[in-house]
Amino acid sequence: MTTATLNSFTQFKPGFCQPDCIQQDCPTTFTCPPPSRIPMAQGNFIPDSIDNNLFWLRIMMEHALFMRLAFACINIELINEAQQFEQAYSNLLNRARAVSNAPTEQNVRALNQASIDLTRSFTCFKTMVLDRIITCGPAKIGGYNFPLLIDHIRREALAFISRLTALQTGRSEPLALTIVRDQTFWHRIMADHAKFILHLLDPSERQFVEQANSLSVLFDQKRLQALDLKSMLEPNFPVYPILKRFTKESLRVATQIRDFKASATELIGDCELLSVIPELLADHVRREADRFAQTMERRLSELSQV
Ligand SMILES: [Fe+2]
Ligand SMILES: [Fe+2]
């Protein structure tokens, strides 16, 4: 390479933002819109807090139950600890229901903090369990908790903490960032669900196994697509028309997997499906798909107001 070519490379400034470029002294030819023109996500402290607590506290309580049921019966201390989390979440869920009947800024803030504290501690428990499943040696535990399942429910716990922390601190962010982050999060969650269903169905249920596998492939693709878009919108996250199409598509596929889970839940409840999927687990993943669909509906309505 000649010296002239090298110089032209070192002087080259790309016309798009690198992820860390927001702190940099960008050239005047920079093409990103100024931050003041970036639509921000709108939140409402009391209703958003209540909504998140009522949804996620039940989810967390059920995670503790699923973990407990899948530990090996010799791991009595882990079974007991999981049961304590289940009870603590059940108590906090009752408190959230009471607060939702007469919410004030003060009692909602205290509830959020209690949920953050308990979920931080539950996240540590999940991490310890995951480490003990993966490790090799005397600390290793058996049982039927897939490593990906523990990683998955830990991600859900972290998302709950992150949402509540944003509400507590009043942190706001660009609407486009909220949308692409929702999509990368939920697409990955849906892809995992499809994989769990696939591995818990009886192998003789060929048609359902095939359907679950197709959904796993579909959501893996959707997640990669959302990650690409997230990268393209960095670091300022303006709202471009492509975001609306992606959100509409996310809503469509969220509805598709929710309906698949709803029929599976019904069949499991009627003992018409061969599997080792507990009915509560089927209903749990159906509720999460429903949450994904509702979130995409809300984002579409926010996009229409930009
Ligand atoms: Fe979950
Ligand atoms: Fe999940």
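Before any of the text, the structure's been laid out above.
This one's a predicted model, so the numbers in the text were calculated from it and none came from an experiment.

Conventions adopted
Residues numbered from 1 in each chain as written. Chains lettered and ligands numbered in written order. Predicted model: local features only at pLDDT ≥ 70, side-chain atom pairs only at ≥ 80, totals over all residues. Helix = DSSP H or I, 4+ residues; strand = E, 2+ residues; numbered from the N terminus. Buried ≥ 20, exposed ≤ 12 C-beta atoms within 10 Å, placed from the backbone. Contact = placed C-beta atoms within 7 Å. Expected span 1.5 Å × (residues − 1). Axes fitted to C-alpha atoms, helices over the stretch in contact; angles between N-to-C directions. Parallel < 35°, antiparallel > 145°, perpendicular 65-115°, else oblique. Left-handed = near helix turned anticlockwise from the far one by under 90°. Nonpolar A, V, L, I, M, F, W, Y, C, P; charged D, E, K, R; others polar.

(A) Geometry of the overall build of the protein chain. Scanning the protein chain from N- to C-terminus turns up nine helices and zero strands. The N-to-C order of helical and strand elements in the protein chain reads α-α-α-α-α-α-α-α-α. Counting all 306 residues of the protein chain, 29% fall into the buried class. Relative to all contacts within the protein chain whose residues are 6 or more apart in sequence, the contacts with residues 24 or more apart total 77%.

(B) The environment of Gln 83, seen in detail. Counting through the fold element by element, Gln 83 comes out in helix α3 (residues 76-101). Since 14 C-beta atoms lie within 10 Å of it, Gln 83 is described here as partly exposed.

(C) Geometry of helix α7 (residues 206-233). The end-to-end C-alpha distance of α7, which contains 28 residues, comes to 41 Å, matching closely the 40 Å that a straight helix rising 1.5 Å per residue would cover. Restricting attention to buried positions, one finds in α7 the residues Phe 208, Ala 212, Leu 215, Ser 216, Phe 219, Lys 222, Ala 226 and Leu 233. On its buried side, α7 packs onto α6 (175-200) and α8 (241-269).

(D) Inspection of unusual backbone geometry at higher detail. That bond from Glu 234 to Pro 235 is cis: its omega, 0°, falls within 30 degrees of zero. Considering the arrangement of structural elements, one finds Pro 235 in the loop between α7 and α8. At Phe 237, a position not held by glycine, the phi torsion is positive, near 55°. Turning to its location among the elements, Phe 237 is positioned in the loop between α7 and α8. Its 26 C-beta neighbours within 10 Å are what place Phe 237 among the buried residues.

(E) Representation of the packing of α6 against α7 in the model. It is at 8 Å that the axes of α6 and α7 come closest, and there the two elements cross at 160°. Judged by the angle between their axes, α6 and α7 are roughly antiparallel. α6 and α7 meet at a crossing whose hand is left-handed. Residues belonging to the contact of α6 with α7 are distributed by class as follows: 15 nonpolar, five polar and six charged.

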